[in-house]
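# Structure assessment
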Amino acid sequence: MSRLTPLALVLCLAGPALAEEIFVSNERDNTVSVIDGDSLEVLRTFPVGRRPRGLTFSQDGRSLYVCASDSDAVQVIDPETGQVRHNLPSGEDPEQFALAPDGRTLFIANEENATTTVVDAQTRKVLAQIDVGIEPEGVAVSPDGRTAVTTSETTNMVHWIDTQTLAAVDATPVGQRPRFAAFTADGSRLWASAEIGGTVSVIDVATRKVVETIAFAVKGIAADRIQPVGVQMSKDGRHAFVALGPSDRVAVVDTATYRVESYILVGRRVWQLALNAAGTRLFTTNGVSGDVTVIDTATFRPIKTVKVGRFPWGAAARPMSSAQAPDGRAAGAAP
């Protein structure tokens, strides 16, 4: 009988390689679709609350948080089974949210009542409800965890929140109907998209002043169809990807010069964006065409279209570190 070499033994004990998964919310179907990050095929689809939009993961990948907007809840879901573990108190009409670096504090935009609700995801308690502008939408937390922001669509502002006092401390005017906000990895800049304004404002975090306003122009596309929404920074920080709504394009922006390098044609009415763990593939949710475009970030070229549910809106890559427990059980599975 042959014996395994030490290397072969290690490989056998390690078990099969784990595939990365991208989760996509389908707001018209009230479902979430799961895409295999390698094969780019839909693995499974499971039901959630009404009109799911924003979604994010716990740091260990064992819990999926979903903004079920019309259910007035943030649902905590087992990503392996799709079963809802429980709902978190979220305030009215949660649209988007952000999980702080502490791994437990959720900042949730409530569109209907002009507040940001802060929830401890572990105790399931509301820590604060903070008055912000009318129709809050985008939410982000700085990498150091000291600052949270909420964008207000009607007030056309970015509202700055001190995460220690849980109070709004300042507001920065931006373009019309701001929909999304994203900090750079070093926390020095905040990018805020303005859907109707057709621009992205780059804000210096230290001064809370706009230092650059980026405009977009796509040949053959009317200006009113260029509507910036989701923003995603590349892993190396050199580029920002901006979803441009009904123009059916994703803009690639040089973060040093703020120059638009490319416009990538994707599906119809692109909403949000997510990168895989390596940063080599960008996934776009295309609401009207009901699909996800997968883009190679090295070439800025689409490589596949993946059909999902009706009106896909949010996307999030599941963290790889806990995709499977050390004993071989799926993360989140019962012992």
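Structure first, text after, so check above.
Below, the structure is looked at part by part. (Residues numbered from 1 in each chain as written. Predicted model: local features only at pLDDT ≥ 70, side-chain atom pairs only at ≥ 80, totals over all residues. Heavy atoms only, no water.)

## Observations regarding the overall build of the chain
Going by this rule: What counts as a helix is a DSSP run of H or I of at least four residues, what counts as a strand is a run of E of at least two, and both are numbered from the N terminus. Put simply, the radius of gyration uses C-alpha atoms, and a globule should come to 2.2 Å times the residue count raised to 0.38. Relative accessibility under 20% of the residue-type maximum defines a buried residue, over 50% an exposed one, and the middle range a partly exposed one, all with a 1.4 Å probe and only protein chains included. Here the open area of atoms and residues is found with the Shrake-Rupley method and a 1.4 Å probe, where only the protein chains shown may cover a residue. Working convention for charge: Lys and Arg count positive, Asp and Glu count negative, and His plus the chain ends are omitted. For the purpose of locating charges, the reference atoms are NZ of Lys, CZ of Arg, CG of Asp and CD of Glu.
Counting its secondary structure elements, the chain contains 1 helix and 28 strands. The C-alpha radius of gyration computed for the chain amounts to 20 Å, which stays within 12% of the reference 20 Å derived for 335 residues, consistent with globular compactness. Principal axes of the C-alpha set define a box for the chain whose edges measure 75 × 50 × 35 Å. Put simply, the chain has 335 residues, and 56% of those count as buried. On the chain, roughly 14,400 Å² of surface is accessible, and the fraction owed to carbon and sulfur atoms is 50%. Side chains of the chain carry 32 positive and 38 negative charges; the gap between the two charge centres is 4 Å.

## With respect to the pairing of strand β8 (residues 94–99)
For the record, the criterion: Pairing between strands is defined by DSSP: at least two bridges between them are needed.
Burial within β8 is extensive, with 6 of its 6 residues counted as buried. Direction of pairing for β8 relative to strand β9 (residues 105–110): antiparallel, over a ladder of 4 bridges. Directly across from Ala98, in β9, lies its bridge partner Phe107. Once β8 ends, the chain turns through 5 residues before running back antiparallel as β9, passing Gly103 with a positive phi of about 80 degrees.

## Details of the sheet that holds strand β27 (residues 301–307)
Our working rule: Convention adopted: a line fitted to C-alpha atoms gives each axis, helices being fitted over their contacting stretch, and angles between N-to-C directions are expressed from 0 to 180 degrees.
Taken in spatial order, the 4 strands make up an open sheet running β24-β25-β26-β27, and their pairing is antiparallel. Each edge of the sheet is formed by a strand with only one pairing partner; in this case those strands are β24 (270–275) and β27. Neighbour-to-neighbour, the strand axes of the sheet open up by a mean angle of 25 degrees, direction not taken into account. Sheet topology note: the β24/strand β25 (residues 281–286) ladder contains 4 bridges and is antiparallel. Across the sheet, the residue bridging to Val270 is Asn286, located in β25.

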